[in-house]
Amino acid sequence: MVATLLREPARPAMIREHPLAPWFAVAAVCFGAFMGQLDASVVTVAFPALQRQFGAGLASVQWVSLAYLLVLTALLVPAGRWSDRVGRKLMYLYGFVLFAGASAACGLAPSLGALIALRVVQAAGAALLQANSVALVVTSVPARTRRAALGVQAAAQAIGLASGPVIGGLLVATAGWRWVFFLNVPVGVLAVLAGVYLLPRTRGAAGQLLAGQSPVGRSPAGQSAAGPAPADRRGTDLGGTALLATATTAGLLAISALSGLGAPAWTAAVLAAVAVLTGTTLLRHERRVAAPMLDLRAMAASGTGSALLGALCAYLVLFGPLVLFPQVVTAQGGSAESAGLLLTALPAGFGVAAAFADRLLPAGWSNRRRCLLGGAVVAASAAALAVPAPHAVSVVLLGLLGIGLGIYTPANNAEIMAAVPARDAAAAGGMVNMTRGTGTALGVAVVTLGLHAGALLRSPQAGLALSMAALAAVAVLGTVAALRARQAADGLR
């Protein structure tokens, strides 16, 4: 029984031998990409309803997202390394089962505290999904179509984000906020079935590897592109994971304390000091440990460190408005449906650009040029959104913001994945998703802080302006980081 549970199920022969088998695998991974982003955007639309249900402020309710994101961020790299050992497909499928089950439990949560605790369990399942999604795409398609495949995956994420505000707004207004979580269950069932039949095996049997046997790797278009990782890279850096979780949690709690959480004034200073201390300790630890969670030297040499910073900035800018505009629309007397419809423009623009930019932009354009174009569009549209405007204008600007991010993100991700060996694809994919999770969490926290500042000034428009100005500055930082990453990579050639 145990051996069966640790064995990756094989695809049917007719699927495995089909000329479109790599794209079937990409389609299966898109379920996870869709589900994760659907959950993210649906929950933000439900924030005002959760505030009313539990009689809590935004600084407390935001932890429904932050607790999820913190656990997700802490587990992504370890989950990626573990998946490199025991099988990416196996961990991906178990991740779906855990995520869907926890989603059902979230829908039954009796209190805000219980909901936050169950979101932690949900995040553990999401970590297994997201740590493997990029790696499964990269190892399932030929190198010449890698950027296009990553663009399709990014488009699936964008469709999830685009669907979330509308679906979430309708569910909150009709069935109630609990159905925001129940929605994940049928999607999860379909995704598990698709994964079993469409995804290639990455290990013949996890039990063989755990027993010390080395399964034979297969070809990229067949079963797996990567053989077993060297022994010195299979370790799980528990110390680094604990330090990362402590630093990010303390930092976000410090921002929450400044955002109206109700904690004593001195709490923010203490938490900020803890975040700085543990963050510094993490950097020292990662340079000394034999199998680091974050290989800082390799990241600096290849330029992936700067590219990962760019990914963090991109998702901070993407997620910030998803928290910001439901609060602004609600404060102006609008409904959850109207907030959802307004927000749809952002992920819709992201999805269109991610899916079609590779065809519409000149074929000779480098990833660096694509990042520069996308970053410039993001910074300009975010700055324009800081100025109060009618909803019709905001829709156009949010669409442009999404288009810029849709151009930037696949090119930046392609640079990161091209800089790492195939054997470490899942670990690298975990790092990409870790920076996404960190950026998303910071997007929630930064916007909450901006809105709190606006409340202190008794001006919701000031909160909107401060939040969007901060996001525009982050967009500039992300563009610079992407360009520095490319320069570092060019220096190695």
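Residues numbered from 1 in each chain as written. Predicted model: local features only at pLDDT ≥ 70, side-chain atom pairs only at ≥ 80, totals over all residues. Heavy atoms only, no water.

*Asks:* Summarise the overall build of the protein; cite the residues concerned and give the values.
*Replies:* Across its full length, the protein carries 22 helices and 0 strands. The proportion of buried residues among the 493 residues of the protein is 57%. A separation of at least 24 residues holds for 82% of the contacts in the protein among residues at least 6 apart in sequence. As displayed, the protein offers around 18500 Å² of accessible surface, 69% of which is attributable to carbon and sulfur atoms. (Helix = DSSP H or I, 4+ residues; strand = E, 2+ residues; numbered from the N terminus. Buried < 20%, exposed > 50% of the residue type's maximum accessible area, 1.4 Å probe, protein only. Contact = heavy atoms within 4.5 Å. Areas by Shrake-Rupley, 256 points an atom, 1.4 Å probe, with all protein chains shown as cover.)

*Asks:* Which residues make up the packing of helix α18 (residues 345-360) against helix α20 (residues 391-418), and what are the values?
*Replies:* For the pair α18 and α20, interaxial distance at closest approach is 6 Å and the crossing angle is 35°. In terms of crossing hand, the pair formed by α18 and α20 is right-handed. When α18 is examined against α20, the residues Ala-345, Leu-346, Gly-349, Phe-350, Ala-353, Ala-354 and Ala-357 are found in contact with a partner set consisting of Val-395, Leu-398, Gly-399, Leu-401, Gly-402, Ile-403, Leu-405, Gly-406, Ile-407, Thr-409 and Pro-410. For the contact of α18 with α20, the residue count by class is 13 nonpolar, 5 polar and no charged. (Axes fitted to C-alpha atoms, helices over the stretch in contact; angles between N-to-C directions. Left-handed = near helix turned anticlockwise from the far one by under 90°. Nonpolar A, V, L, I, M, F, W, Y, C, P; charged D, E, K, R; others polar.)

*Asks:* Summarise helix α3 (residues 21-45); cite the residues concerned and give the values.
*Replies:* Taking 1.5 Å per residue as the helical rise, α3 with its 25 residues ought to reach 36 Å, and the 37 Å between its terminal C-alpha atoms agrees with that figure. Burial within α3 is extensive, with 20 of its 25 residues counted as buried. (Expected span 1.5 Å × (residues − 1).)

*Asks:* Requested: an account of the nonpolar core, with residues and values cited.
*Replies:* Core analysis: the biggest nonpolar cluster contains 124 residues, and Phe-325, Leu-401, Leu-405 and Met-468 have the highest contact counts within it. Among the elements that line this core, the one with the most residues is helix α16 (residues 304-331), at 15 residues. Setting aside its immediate chain neighbours within four residues, Phe-325 contacts Leu-342, Leu-343, Leu-385, Leu-398, Leu-464 and Met-468. (Core = buried A, V, L, I, M, F, W, Y, C linked by side-chain atoms within 4.5 Å.)

*Asks:* So what's going on with the layout of surface pockets? Residues and values would help.
*Replies:* Taken as a whole, the largest pocket spans an internal volume of roughly 620 Å³. What lines the largest pocket is a set of 25 residues, and nearest its centre among them are Leu-244, Thr-248, Leu-282, Leu-312 and Thr-438. Broken down by secondary-structure element, the contributors of at least two residues to the lining of the largest pocket are α6 (63-86), α13 (238-258), α14 (265-288), α15 (296-302), α16 and α21 (425-456). Counting residues per element, the lining of the largest pocket draws most heavily on α21, which supplies 6 residues. (1 Å grid on protein atoms, 1.4 Å probe; cavity = no way out; pocket = protein on both sides within 12 Å on 5 of 7 lines; lining within 4 Å. Points joined across faces, edges and corners; volume = space filled by probe spheres on them.)

*Asks:* Mind laying out empty space enclosed by the protein, listing which residues take part and the relevant values?
*Replies:* Here the structure, examined in full by the defined rule, presents 6 cavities of 30 Å³ or more. Considering the residues around the largest cavity, the lining is formed by 14 residues, among which Gln-37, Leu-69, Leu-72, Gln-130 and Thr-440 are closest to the centre. Counting only elements with at least two residues in the lining of the largest cavity, the list comes to α3, α6, α16 and α21. Per-element tally for the lining of the largest cavity: the top contributor is α21, with 4 residues. Classifying every residue of the lining of the largest cavity by side-chain character gives 6 nonpolar, 7 polar and 1 charged. The calculated volume of the second largest cavity comes to roughly 80 Å³. In terms of lining residues, the second largest cavity is bounded by 12 residues, among which Gly-32, Ala-33, Gln-130, Ser-133 and Gln-157 are the most central. For the lining of the second largest cavity, the elements supplying multiple residues, two or more each, are α3, α8 (112-138), α9 (146-174) and α21. Looking at which element gives the most residues to the lining of the second largest cavity, the answer is α3, with 4 residues. Residues that form the lining of the second largest cavity fall into these classes: 3 nonpolar, 8 polar and 1 charged.

*Asks:* Would you mind going over the packing of aromatic side chains in detail, with residue names and values included?
*Replies:* Summed over all chains, the structure comprises 4 aromatic pairs. One aromatic cluster is present, formed by Phe-54, Trp-177 and Phe-181 through successive ring pairs. Lying across the ring of Tyr-68, Arg-119 places its NZ or CZ 4.2 Å from the centre. (Phe/Tyr/Trp six-rings, centres within 6.5 Å; stacked < 30°, edge-to-face > 60°. Lys NZ or Arg CZ within 6 Å of the ring centre and 35° of its normal.)

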